[in-house]
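An overview of the molecular structure
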Amino acid sequence: MTKEQKTKSIKDLKEKIGTTELALFASFKGMPTAELFETKKKLRQEKGHVQIVKNTLLKRAFGELNIKPEADSFWKGEIAAITTSGDDAAKLAKFTTEWAKKSEKVKIKGGFLKAKGQWLSVKTVGELAKLPSMLELRAQCVGTIAAPLSGLVNVLNAVIRDFVLTVAAIEQKQKKA
């Protein structure tokens, strides 16, 4: 790899890691190529991206972005950078955690959360994966807002319905009399 290619790779890494809401890092030693490509394909459908990176280039990109992994063991083995172009960090964490559960070759090493500007441990990534996705959160929010409104509509309809039933009962009573 030439110096220009390395510089471009570092720039691309910095851009991907610096612009995504969440960047996750995993090892995948011994994973069959076909399985890796299948995962890349699935992740692309979820607006995600997997990039296999050289440790030395990732170290330089981390240095320029002031990212410091918690453990030195992070740098052992091959590393895949997993990023998303969407705004749903929990969805990316879920996908990566499920990938690691399905394939014993994948081990999550940690992540970087842009909003907080902090390194995430493996445990924190697992906790993030348990959160509902952005779509689920929006649905819960709409449900929370809609519940009192539907209750109000039912109360208002009950008043009108009771009035109509009372008028109908009075009419029936007058017809019988």
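Please refer to the structure higher up on the page.
In what follows, the accompanying structure is described. All values reported here derive from a predicted model rather than from experimental measurement.

Applying the stated criterion to the full structure yields 7 salt bridges. For Asp12, the salt bridge is made with Lys8, and the minimal N-O distance between the two is 3.1 Å. Of this pair, Asp12 and Lys8 both sit in helix α1 (residues 3-19), separated by 4 residues, roughly a single helical turn. Two residues, Lys175 and Glu171, come together in a salt bridge whose shortest N-O distance is 3.7 Å. Of this pair, Lys175 and Glu171 both sit in helix α6 (residues 134-176), 4 residues apart, which is roughly one turn of that helix. Glu171 gets classed as partly exposed once you look at its relative accessible area, which sits at 42%.

In terms of nonpolar packing, the biggest core is built from 23 residues, with Leu22, Leu24 and Ile82 touching the most fellow members. Residue assignment for this core shows that the elements contributing at least two residues are β1 (22-27), α2 (33-45), β3 (79-84), α4 (89-102), β4 (107-113) and α5 (122-130). Element by element, the count of residues in this core is highest for α4, at 6 residues. Excluding residues within four positions of it along the chain, Leu24 makes contact with Ala80, Ala81, Ile82, Leu92, Ala93, Thr96, Gly110, Gly111 and Val125. Ile10, Ala23, Val53 and Ala81 belong to the second-largest nonpolar core, a separate cluster that totals 17 residues.

What follows covers α1. At 3.6 residues per turn, the α-helix brings residues three or four places apart onto the same side. An ideal rise of 1.5 Å per residue puts 24 Å on 17 residues; α1 measures up with 24 Å between its terminal C-alpha atoms. Elements in contact with the buried residues of α1: β1, β2 (48-53), α3 (55-65) and β4.

Our next topic: the packing of aromatic side chains. What the rule picks out here adds up to 8 aromatic pairs. Ring centres 4.8 Å apart and planes at 90° place the aromatic pair Phe74 and Trp75 in the edge-to-face group. A residue is classified by how much of its surface remains accessible, and Trp75, at 18% relative accessible area, is buried. The ring of Trp75 carries the charged tip of Lys59 above its face, separated from the ring centre by 5.3 Å. Geometry around Phe74 places Lys109 over its ring, the cationic atom sitting 5.6 Å from the centre.

Tracing the sequence through the fold places Arg161 in helix α6. Along the chain, Arg161 and His49 lie 112 residues apart, while their C-alpha atoms are 56 Å from each other.

What follows concerns a nonpolar patch on the surface. Together, Ile160, Phe163, Val164 and Val167 line one region of the surface with nonpolar side chains, adding up to about 400 Å² of accessible area. Assignment of secondary structure puts Phe163 in helix α6.

A few words on a positive patch on the surface. A surface patch of positive charge is lined by Lys3, Lys6, Lys54 and Arg60. Summarising the element assignment, Arg60 is placed in helix α3. In this structure Arg60 comes out as partly exposed when scored by relative accessible area, which is 49%.

Note: most peptide bonds trans; most residues except glycine with negative phi. With phi around 65°, Lys47 is a residue other than glycine that occupies positive phi space. Here Lys47 lies in the loop between α2 and β2. With a phi angle near 60°, Asn66 is a residue other than glycine that sits in the positive phi range. Asn66 sits in the exposed class, given a relative accessible area of 61%.

On to the side chain of Ser27, then. Examined against the element boundaries, Ser27 turns out to sit in strand β1. With near-sequence residues (within four places) excluded, Ser27 lies in contact with Glu78, Lys105, Val106, Lys107 and Lys109.

Definitions and limits used
- Each chain has its residues counted from 1, following the order in which its sequence is written.
- Under the rules for a predicted model, residues below a pLDDT of 70 receive no local features and side-chain atom pairs below 80 are neither given nor counted, while totals for whole chains, interfaces and linings still include all residues.
- Processing note: side-chain calculations cover all non-hydrogen atoms of the structure and skip hydrogens and water entirely.
- Salt bridge, as applied in this entry: a Lys or Arg side-chain nitrogen positioned within 4 Å of an Asp or Glu carboxyl oxygen.
- Helix numbers and strand numbers start at the N terminus; a helix is a DSSP run of H or I with at least 4 residues, a strand a run of E with at least 2.
- Working definition: with a 1.4 Å probe on protein chains only, accessible area under 20% of the residue-type maximum means buried, over 50% means exposed, and in between means partly exposed.
- Grouping buried Ala, Val, Leu, Ile, Met, Phe, Trp, Tyr and Cys residues that are joined through side-chain atoms within 4.5 Å yields what is termed a nonpolar core.
- For this analysis, residues touch if any pair of their heavy atoms sits within 4.5 Å.
- One fewer than the residue count of a helix, multiplied by 1.5 Å, yields its expected span.
- Each Phe, Tyr or Trp ring (for Trp, its six-membered ring) is paired with any other whose centre lies within 6.5 Å, and the angle between the two planes then decides the class: stacked below 30 degrees, edge-to-face above 60, tilted in between.
- As a reminder, the over-ring test applies to NZ of lysine and CZ of arginine, requiring each to be within 6 Å of the ring centre and within 35 degrees of the ring normal.
- Each patch is built from residues that are more than 30% exposed by relative accessible area and take part in no salt bridge. Like charges join if they lie within 9 Å; nonpolar side chains (Val, Leu, Ile, Met, Phe, Trp, Tyr) join within 5 Å.
- The Shrake-Rupley method, run with a 1.4 Å probe, gives the accessible areas here. Residue values count only the displayed protein chains as cover.
- Positive charges are assigned to Lys and Arg, negative charges to Asp and Glu, while His and the chain termini are left out of the count.
- Every charge is mapped onto a representative atom, which is NZ of Lys, CZ of Arg, CG of Asp or CD of Glu.

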